[in-house]
Amino acid sequence: MERRKMLQRLSTYAHVVVSWVDDDGYPAQTPADFMVEGEELRIHQTGLAIPTDRTLNIIASHIRPQPGYGYDQRRYISIWGRGEAVEDGMRIAIERHWGWDEDITPFPEYVERSNPQAHRYLAELSAQRGVGIKPRLSPIWTFLLATRLPFLTATIIPILLGIAVAGHAGEFNLWLAFVTVLAGASIHIGLNVANDVFDALSGADEANYRPTQYSGGSRVIQRGIVPLARMIAISTAGYIVGGALGVYLVLETGSAELLAIGVLGVLLSVFYTAPPLRLVHRGLGELTTAIGFGPMMVLGAYVVQTGELAWEPFVASIPVAILIALVLYVNEIPDRPSDASVGKRTLPVRLSRETVIAGFLVASIAAFATVAVGVIAGLLPAGTLISLAALPLAFQVHAGIRKHYESPYELMAVMGRNVQLHMATGTLLFVGYLLAIVL
Amino acid sequence: MSWLPDVVEDLLKRALVAELAVVNHRGEPSMHPLIPLWDGEKIYLTSSVLFSRKLEHIKANPKVAISITDPIATDSLKARCSIQGDARVVEDDPHTTWEKVLPLWRAKEPAIDFFISKRFAFPLFFERSIIEITPRKVTWWEDGNPAREPAMAEAA
């Protein structure tokens, strides 16, 4: 913050506290009234004499008490300099200043920016004691965060949809359905963790000071909760388990199409963030996500049940494909500065604000239009029209993006609503198929 | 029993913010706004490892002071004070040791329980150290007017 602006802000505070180191070596303090004139700070005469032969620290601090809660509106400005006696007080020759205002730098961002100091302090403490002192969370929370388990809905919904489409075609095997979900979930865990690993290696997550629960990665590496090597091991384990279950499904079904879908799906998930392709860095992340969590999941689950490819599951997959890509697309909006800084050219990085907002509306309407056209063309059962009930959510998300485009933390609720849009639409498509099977 | 004047004890009991002054590595004062906690004998503050430079300074030089000067943060008490003392950083286990002063903290900031329930979102914020201050000298302005000469008292 430049000095003039800092002094302008300082003039809004009611008083300051002046501190210096006294002759006993202790900090001494006095409250003081003050005056700002242009770039000059004057401290009014105080009953406790303020020395002029040493450095002073002057602080102005503000909070607003909230009874029954605590307080908010935290901000402060801290100034170092020397005093020169003038009539009725002293003039301060400012040497440096620093401050924090939670309205300008929200607390979560302030915390993220302070990660390096925390790690340095804990490392020094560890060195002093000869034992590693690290931040901790419960094993359950650590696992949930590291794997980003709640995001597995992106896998479960298309797989259940593919199974339902197969059921509509008269094919259903519960055991194979269970293994399909397990295989998809394992690969998805591998992907989530690999994404964090490669974003940590590229510096994308490190550069992101405004992560939210939907964007900026799990942060377990940046916060020192899980070391990089363990994340690599978790990701590898996810791929090994998912791959082994995939091989089992291929052997059970004898389907070459399933093998192709499985191999392509794993490659897409790995090269989503991994070099040399780094698809998400090239602006192909949304398309990769749409293909991987849309047609590949729905068709894969369908082929496991039926042993063959068909157009119906492909058409049914398009709405969930578009909507999951839009989940990523909206989640990338707050990550724009950090993504751009490491060359991650996502669509929100490449496109203008208005194009991104309009793009969301067009794509989400296209998702629902696919269902209507599919039913009219006789490719989808009429029951799937029930999914149109989720359309209002798309308009809510669109309005939310427009309103909070530049505010990561306000955008969090919109990102949550966008996840609900994908889940609700996918679930209603599934319900539509169940109705078609039962009725 | 505390030797601090009643007016200063009242400030410590009610203040939602105080300015902790430490001596930094340049030998200069450096102030940090924190919630002061008072158990009738010692002053406690807590600091996350995220904002731990003050802890490093205290370990290098335990001479500190703490001021309470904002009537808005003291429920309209007019008086103001500054207390010099000797500080000790208590951090046997930064994950849990600070919870000893949680009842005092909760009394001033009830919302802390909500934030603790979201500990998973700010894990480093809840790796904390306690700053324990033994008061040695107090300066206070009974009517809050800093232009007046303050009263002073020292520990026996």
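Residues numbered from 1 in each chain as written. Chains lettered and ligands numbered in written order. Predicted model: local features only at pLDDT ≥ 70, side-chain atom pairs only at ≥ 80, totals over all residues.

**Remarks on the overall build of chain A**
Assigned secondary structure in chain A consists of 16 helices and 7 strands. In terms of overall size, chain A is more extended than a compact globule, its C-alpha atoms giving a radius of gyration of 28 Å where 439 residues would be expected to give roughly 22 Å. Each of the 439 residues in chain A was classed as buried or not, and the buried ones make up 45%. Long-range contacts, defined as pairs at least 24 residues apart, comprise 70% of the intrachain contacts of chain A with a sequence gap of at least 6. (Helix = DSSP H or I, 4+ residues; strand = E, 2+ residues; numbered from the N terminus. Rg over C-alpha atoms; globule rule 2.2 N^0.38 Å. Buried ≥ 20, exposed ≤ 12 C-beta atoms within 10 Å, placed from the backbone. Contact = placed C-beta atoms within 7 Å.)

**Considering helix 11 (residues 311–331) of chain A**
Residue and element names in this part refer to chain A. With 21 residues, helix 11 extends 31 Å from end C-alpha to end C-alpha; this agrees with the ideal 30 Å at 1.5 Å per step. The sharpest bend along helix 11 comes to roughly 30 degrees, located at I318, with the proline P319 sitting one to four residues further on. Within helix 11, 18 of the 21 residues are buried, leaving the element largely enclosed by the surrounding structure. (Expected span 1.5 Å × (residues − 1). Bend = angle between axes of the 7 residues up to and from the residue.)

**Considering the interface of chain B and chain A**
How big an interface is tends to be expressed through the accessible area that disappears when the partners come together. Listed as interface residues are 46 residues of chain B and, on the opposing side, 47 residues of chain A. For the side of chain B that touches chain A, the class distribution of residues is 27 nonpolar, 9 polar and 10 charged. (Nonpolar A, V, L, I, M, F, W, Y, C, P; charged D, E, K, R; others polar.)

**Considerations on the packing of helix 6 (residues 174–202) of chain A against helix 7 (residues 228–253) of chain A**
Residues and elements named next belong to chain A. Following both chains from N to C, one finds helix 6 and helix 7 inclined at 150 degrees, their axes separated by 7 Å at the closest point. In this view, helix 6 runs roughly antiparallel relative to helix 7, as classed from their interaxial angle. For the element pair helix 6 and helix 7, the recorded crossing hand is left-handed. For the contact of helix 6 with helix 7, the per-class residue count stands at 19 nonpolar, 7 polar and 2 charged. (Axes fitted to C-alpha atoms, helices over the stretch in contact; angles between N-to-C directions. Parallel < 35°, antiparallel > 145°, perpendicular 65-115°, else oblique. Left-handed = near helix turned anticlockwise from the far one by under 90°.)

**Quick look at the packing of helix 8 (residues 256–270) of chain A against helix 10 (residues 295–306) of chain A**
Residues and elements named next belong to chain A. The interhelical angle for the contact between helix 8 and helix 10, taken along N-to-C directions, is 150 degrees, at an axis separation of 10 Å. Put simply, helix 8 runs roughly antiparallel to helix 10. At the point where helix 8 passes helix 10, the crossing takes the left-handed sense. Contacts from E257, L258, I261, G262, L264 and G265 of helix 8 reach helix 10 at M296, L299, G300, V303 and V304. Taken together, the residues that form the contact of helix 8 with helix 10 break down as 7 nonpolar, 3 polar and 1 charged.

**What about the nonpolar core?**
Counting 84 residues, the largest nonpolar core has A:L161, A:I324 and A:V330 as its most contacted members. Considering each element in turn, this core owes the most residues, 14 residues, to helix 11 of chain A. Setting aside its immediate chain neighbours within four residues, A:V330 contacts A:F360, A:V397, A:I401, A:V414, A:M415 and A:N418. Counting residues in hydrophobic clusters, the runner-up holds 71 residues, among them A:L7, A:Y26, B:M31 and B:L50. (Core = buried A, V, L, I, M, F, W, Y, C linked by C-beta atoms within 7 Å.)

**What to know about the sheet that holds strand 5 (residues 56–66) of chain A**
Residues and elements named next belong to chain A. Taken together, 7 strands build an open sheet; the order of strands is 2-1-5-6-7-4-3 and the sheet is antiparallel. Looking along the sheet, the strands with just one partner apiece sit at the ends: strand 2 (27–32) and strand 3 (34–37). Strand after strand, the sheet turns through a mean of 35 degrees between neighbouring axes, direction not considered. Sheet topology places strand 1 (residues 16–21) next to strand 2; 6 bridges connect them, and they run antiparallel. (Pairing = 2+ DSSP bridges.)

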